[in-house]
Amino acid sequence: MAKLSSLLLGALLFLACESAVKAAPTANCHGQCRETLARRDPIRYSPTWESVNTHVAAPEWFQDAKFGIYFHWGIYSTAAYWTEWYPRDCYNVNSEQWKHHVSVYGNPATEWPVNNFIDGAKDKSGKFVQFAPKLKSQGGKFDPDEWAQLFFDAGAKYAGPVAEHHDGYSLWNSTVNEWNSVQRGPKLDLAQLHADAIRKKGLKFIMALHHAYNFNGYYEFAPQQPTESLQKLFGQLDRAKSNQLYVDKIKEVIDRYMPDMLYQDWNLFNVDESKLLEFLAYYFNAGLDKGVDVVATYKDGMKTTNGVSGAVFDFERGGPADLNTTYWMTDDTVSSNSWCYVNTLYYYPTNAILHAFIDRVSKGGNLLLSIAPMEDGTIPNEQKNTLLAIGDFLKKNGEAIYSTRAWKTYGEGPTKMGGGTGFQAPTAGTGKDIRFTRSKDGKILYATVLGWPGSSISIASLKSGADLSGLQSVQLINGANSYVNLSYAQSSTGLNVNLPAASAPFSALAYTMKLSFANTVPA
């Protein structure tokens, strides 16, 4: 009976959504309707592009969440030198990393290989070196609950680890890869510890996998390894075994941890296509089986069907210059010189990170921000302060970010972000830069100014010709559920809004105006 009621409810929802689409597809059909229409029939995904691309890439929870946090933490954090690519580059005899490695540890090819960071060995000074963080409860400095609390306080809605970087070391209890954090190193199932702590805070749990590049060139400077086990770590198995290991690792994390999102880093174009499809079908079917609206992300290597993908495209350290009609994500980090902790990190200004985040949301995207914990599990104060500042903004202005959708234009002002090619540093805006979002019901328009503009501001996108007949109020948000009413007048140059004072009445990294309409915002 319960199943029959569920099917009846689903049918009614489908009919309601279909009617909404026919009546006003842009204004009235939001993510839930699109998902319902896309899922007209119960399906099982098969390993073909035509099948997996019927999957709803960006479910409602993902479009509502906007902000996630992940972390680069692994054997490269123990070296803490140059970047997270240290395990690769220390084998390149023409690199500074090689010189450093020879000086501190020994020749990586003949004396002190990278796997010593996993199994442990003494460096030249006699210090024992190993990636082996200890829990606070065991006398160490690592507390996954503290991490999860920080992510919660930062306003993130999803979080999780880089579960395996290009180096081949898995941070989970693996049966297909003996180079893992339970058998070697800390002797902890780090993925499980993070999953439990993050989910306990009500956040979605994600896992990032970068292992496609492991067997496609990451260790190109390393010598051929003498055993099959070491060849597995160094990506030197034959192509068939390497591709099988690629998909076996993914299936294992799905079966053990069922992440809400699986992030894939670059080089998927070098993975056997059949294995990519096997992974996608397996993940999407697992989501169906467990009632989880899963998200898969990619940077390359996945095909579309009639321009549609079942996965979310990820712009690394960038994003589009304008609105993007297909929902997307960008991943970025808090520092300019490394994604992992190194002894000298150059941090981006907090306002630049926040403003870039607001810009991405205004263009219909999410931000996944990476932090860089130290090897022992300490998160540096500079990183904590950045996250808490973002969280403070979101506590007060979250209604302009969470559960919003892009408007007809992303914004105004002189500061341009996104577009172009290559990585782009986050950019701070000014009091002349505005970024727009709207409520899902289409009745509220938010205009977030990336600095205090002075005693007034003109919103050019709402100049004469824009239908403001339903505009009921313009308010400045000055805290959660706290507003200051503002006077305004429409002219040929814009909607001119009078602000409380020439100087900012309170300190903030950005300021949000809430424009409430009786019907819908101007289209």
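Relevant structure appears above.
Remember, it's a predicted structure, so these values are computed and weren't measured experimentally.

Caption draft 1: Looking closely at the overall build of the chain. The number of helices and strands found in the chain is 17 helices and 20 strands. Relative to the 2.2 N^0.38 estimate, which gives 24 Å for 523 residues, the radius of gyration of the chain is 25 Å and therefore close to what a compact globule would have. When its C-alpha atoms are laid out on the principal axes, the chain stretches across 75 × 60 × 45 Å. Across the 523 residues that make up the chain, the buried fraction comes to 57%. Summarising the internal contacts of the chain: among those between residues at least 6 apart in sequence, 69% fall at separations of at least 24.

Caption draft 2: Looking closely at empty space enclosed by the protein. Tallying each qualifying case throughout the model produces 2 cavities of 30 Å³ or more. The calculated volume of the largest cavity comes to roughly 70 Å³. For the largest cavity, the full set of lining residues is H211, N214, F215, Q231, K232, G235, Q236, L237, S242, L245, Y246 and K249. Broken down by secondary-structure element, the contributors of at least two residues to the lining of the largest cavity are α12 (214-218), α13 (228-233) and α14 (239-257). The element best represented in the lining of the largest cavity is α14, accounting for 4 residues. In terms of residue class, the lining of the largest cavity is built from 4 nonpolar, 6 polar and 2 charged. Empty space within the second largest cavity amounts to approximately 40 Å³. Here the element with the most residues in the lining of the second largest cavity is strand β4 (residues 158-164); it accounts for 3 residues.

Caption draft 3: The arrangement of the packing of aromatic side chains in detail. Counted according to the given criterion, the structure contains 37 aromatic pairs. When the centroid spacing of 5.7 Å and the interplanar angle of 75° are considered together, the rings of W85 and Y218 count as edge-to-face. Pair noted here: W85 is in the loop between α6 (75-79) and α7 (86-89) and Y218 is in helix α12, with a separation of 133 residues, a long-range link. Under the relative-accessibility criterion, W85 is labelled partly exposed at 24%. Overall, the relative accessible area of 0% leaves Y218 in the buried class. Following the ring pairs from residue to residue traces out a cluster consisting of W85, Y91, Y213, Y218, Y219, F234, W266 and F269. The aromatic ring of Y402 is capped on one face by K157, whose charged end is 4.5 Å from the ring centroid. Here the basic side chain of K204 rests over the ring of W61, its NZ or CZ set 5.2 Å away from the ring centre.

Caption draft 4: Expanded view of the pattern of salt bridges. With the rule as written, the count across this model stands at 29 salt bridges. The salt bridge partner of D89 is R88, with a shortest N-O separation of 3.3 Å. When sorted by exposure, D89 lands in the same class as R88, which is buried. In this structure, D359 and R435 form a salt bridge, with 2.8 Å as the shortest nitrogen-oxygen distance. Linking D359 in helix α16 (residues 350-362) with R435 in strand β13 (residues 434-439), this pair joins segments that are 76 residues apart in sequence. Accessibility classification places D359 together with R435 in one group, the buried group. What emerges from the salt-bridge pattern is a single network uniting D265, K299, D314, E316 and D331.

Caption draft 5: Expanded view of the environment of W452. Tracing the chain through its elements places W452 in the loop between β14 (444-449) and β15 (456-459). Between the C-alpha atom of W452 and that of L499, which follows or precedes it by 47 residues, the distance is 9.6 Å. Those residues in contact with W452, other than ones at most four positions away along the chain, are G431, L476, L499, P500, A501, A502, S503, A504, P505 and Y511. Engagement of the side chain of W452 in a polar contact is seen with the backbone oxygen of A501, the distance being 3.2 Å. In this structure the side chain of W452 is engaged in a polar contact, spanning 3.1 Å, whose partner is the backbone oxygen of A502.

Caption draft 6: Here's a closer look at the pairing of strand β16 (residues 471-479). With 7 of 9 residues buried, β16 is to be regarded as a mostly interior element. As paired strands, β16 and strand β17 (residues 482-486) are joined by 5 bridges and run antiparallel to one another. Bridge pairing in β17 links Q475 to N485.

Caption draft 7: Representation of the sheet that holds strand β7 (residues 295-298) within the structure. Strand order in this closed barrel of 8 strands is β1-β4-β5-β6-β7-β8-β9-β10, and the pairing throughout is parallel. Sheet twist, expressed as the mean angle between neighbouring strand axes with direction ignored, is 25°. The pairing of strand β1 (residues 67-71) with β4 spans 4 bridges and is classified as parallel. Looking at β4, one finds that G68 is bridged to Y158. Running at roughly 155° to β7, helix α15 (residues 273-290) makes contact with β6 (261-264) and β7 of the sheet.

Caption draft 8: Fine view of the packing of helix α10 (residues 144-153) against helix α11 (residues 190-200). Contact pair α10 / α11: the axes reach a minimum separation of 8 Å and the direction vectors enclose 40°. Taken together, the axes of α10 and α11 lie oblique to each other. Here α10 runs over α11; the crossing is right-handed. On α11, the residues that touch P144, D145, W147, A148 and F151 of α10 are L193, H194, A197, I198 and K200. Taken together, the residues of the contact of α10 with α11 break down into 7 nonpolar, 1 polar and 2 charged.

Caption draft 9: Representation of the environment of A296. Inspection of the secondary structure assignment puts A296 in strand β7. With 14 residues separating them in the primary sequence, A296 and G310 have C-alpha atoms 7.8 Å apart. Sequence-distant contacts of A296, that is, excluding residues within four places in its chain, are made with L262, F279, L280, Y283, F284, A311 and V312.

Conventions we followed
- Residues numbered from 1 in each chain as written.
- Predicted model: local features only at pLDDT ≥ 70, side-chain atom pairs only at ≥ 80, totals over all residues.
- Heavy atoms only, no water.
- Helix = DSSP H or I, 4+ residues; strand = E, 2+ residues; numbered from the N terminus.
- Rg over C-alpha atoms; globule rule 2.2 N^0.38 Å.
- Buried < 20%, exposed > 50% of the residue type's maximum accessible area, 1.4 Å probe, protein only.
- Contact = heavy atoms within 4.5 Å.
- 1 Å grid on protein atoms, 1.4 Å probe; cavity = no way out; pocket = protein on both sides within 12 Å on 5 of 7 lines; lining within 4 Å.
- Points joined across faces, edges and corners; volume = space filled by probe spheres on them.
- Nonpolar A, V, L, I, M, F, W, Y, C, P; charged D, E, K, R; others polar.
- Phe/Tyr/Trp six-rings, centres within 6.5 Å; stacked < 30°, edge-to-face > 60°.
- Lys NZ or Arg CZ within 6 Å of the ring centre and 35° of its normal.
- Salt bridge = Lys/Arg side-chain N within 4 Å of Asp/Glu carboxyl O.
- Polar contact = N/O pair within 3.5 Å; in protein donor to acceptor, adjacent residues only side chain to side chain.
- Pairing = 2+ DSSP bridges.
- Axes fitted to C-alpha atoms, helices over the stretch in contact; angles between N-to-C directions.
- Parallel < 35°, antiparallel > 145°, perpendicular 65-115°, else oblique.
- Left-handed = near helix turned anticlockwise from the far one by under 90°.

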